[in-house]
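Structural description and commentary
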Amino acid sequence: QTMQQHQDYLAILMDQGLYGLFGNSFANWSVRYLADQGASGPRAATVYKDVLYFQTASSRGDIFAWDGRQLMMVSRSIVKDVTTYTVTDTCMTFYKGNVLISYPQHAVVIVFNPDTLRIDEQGTARMSFMKWTSYRVDQFMKNFGADDNRLFLGLDNTNVQIVRLDFSDFDNVTAAAT
């Protein structure tokens, strides 16, 4: 499904598993099985602060965090919302300290700050989520290269438009935070 550079290896997320490609040459590379969860699609993963976040293809559409040693489901508090969304076209990115997950078929973007991760008294990972509604993003684009305009954009393939998603006074989307 997708690959992400993570720590000192390339994370390979298949439908039902997470694998790591280790090594730095053709002579010493190896593939290792890391976890029993995989990504729901080619854009359904991102890395932020050395943690890999991804949306699974399971019937519940769980969101996981992988720090290289421990796999934690972080979406337990929003499972009622996420189970109603189509996850095969999910796209995910990070921007200004937040991870954004778009569910284009439902015109919903879920945003969370990974720094809000906490473990409750039952040992369950918890995270604070915000849900933005009323616009769809099929793909996130960060134009941060040396000659780019430094804009954070969203591509809407259905309405054939590019929307500006800067989290500032200059956004051109109308989204209600709930």
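An account of the accompanying structure is given in this report. (Residues numbered from 1 in each chain as written. Predicted model: local features only at pLDDT ≥ 70, side-chain atom pairs only at ≥ 80, totals over all residues. Heavy atoms only, no water.)

1. Quick notes on the overall build of the chain
When helices and strands are tallied, the chain shows one helix and 18 strands. Here the chain has a C-alpha radius of gyration of 17 Å; the compact-globule value for 178 residues is 16 Å, and the two agree. In terms of overall dimensions, the chain has a C-alpha envelope of 50 × 45 × 30 Å along the principal axes. When the 178 residues of the chain are sorted by exposure, 46% land in the buried category. Carbon and sulfur atoms provide 50% of the accessible area of the chain, an area that totals close to 9,400 Å². With 15 positive and 18 negative side-chain charges, the chain shows a spacing of 3 Å between the two charge centroids. (Helix = DSSP H or I, 4+ residues; strand = E, 2+ residues; numbered from the N terminus. Rg over C-alpha atoms; globule rule 2.2 N^0.38 Å. Buried < 20%, exposed > 50% of the residue type's maximum accessible area, 1.4 Å probe, protein only. Areas by Shrake-Rupley, 256 points an atom, 1.4 Å probe, with all protein chains shown as cover. Lys, Arg positive; Asp, Glu negative; His and termini not counted. Charge placed at Lys NZ, Arg CZ, Asp CG, Glu CD.)

2. Quick word on the pairing of strand β5 (residues 45-48)
Residue alternation in β5 divides its side chains into two sets, A45 and V47 and T46 and Y48, and both sets are buried. Pairing of β5 with strand β6 (residues 51-55), which is carried by four bridges, proceeds in the antiparallel orientation. For Y48, the partnering residue across the bridge sits in β6 and is V51. Turn length for the β5-β6 hairpin, with the two strands adjacent in sequence and antiparallel, is two residues, and the turn residue K49 shows positive phi of about 50 degrees. (Pairing = 2+ DSSP bridges.)

3. Some thoughts on the packing of aromatic side chains
Working definition: an aromatic ring pair is given by the centre-to-centre distance plus the angle between the planes. Counted under the stated rule, the structure contains nine aromatic pairs. Ring centres 5.4 Å apart and planes at 65 degrees place the aromatic pair Y53 and F112 in the edge-to-face group. With Y53 in strand β6 and F112 in strand β11 (residues 108-112), the pair connects residues that are 59 residues apart, well separated along the chain. Among the aromatic residues, those joined into a cluster by ring pairs are Y53, F112 and F129. Note that R32 overlies the ring of F22, its terminal NZ or CZ placed 3.8 Å from the centroid. (Phe/Tyr/Trp six-rings, centres within 6.5 Å; stacked < 30°, edge-to-face > 60°. Lys NZ or Arg CZ within 6 Å of the ring centre and 35° of its normal.)

4. A closer look at unusual backbone geometry
Despite not being glycine, K49 shows a phi value in the positive range, around 50 degrees. Checked against the element boundaries, K49 lands in the loop between β5 and β6. Classification of K49 by relative accessible area gives exposed; the value is 52%. In the Ramachandran plot, D50 falls in the positive-phi region, its phi being about 70 degrees despite a non-glycine side chain. Along the chain, the position of D50 falls in the loop between β5 and β6. The exposure class assigned to D50 is partly exposed, which follows from its relative accessible area of 45%.

5. As for the sheet that holds β6
Here four strands make up an open sheet; going across it, the order is β5-β6-β7-β8 and the pairing antiparallel. Here the strands that pair on one side only, and so sit at the sheet edges, are β5 and β8 (71-73). Put simply, the sheet's adjacent strands are angled 25 degrees from each other on average, direction ignored. (Axes fitted to C-alpha atoms, helices over the stretch in contact; angles between N-to-C directions.)

6. What to know about the pattern of salt bridges
Inspection of every chain in the model, using the stated rule, returns four salt bridges. Notably, a salt bridge pairs D67 with R69, separated by 3.9 Å at the nearest N-O pair. When its relative accessible area of 18% is taken as the criterion, D67 is described as buried. According to the relative accessible area criterion, R69 is exposed, its value standing at 72%. D138 is paired through a salt bridge with R136; the nearest N and O atoms lie 2.8 Å apart. A single network of salt bridges, built from pairs that share partners, joins R136, D138 and D156. (Salt bridge = Lys/Arg side-chain N within 4 Å of Asp/Glu carboxyl O.)

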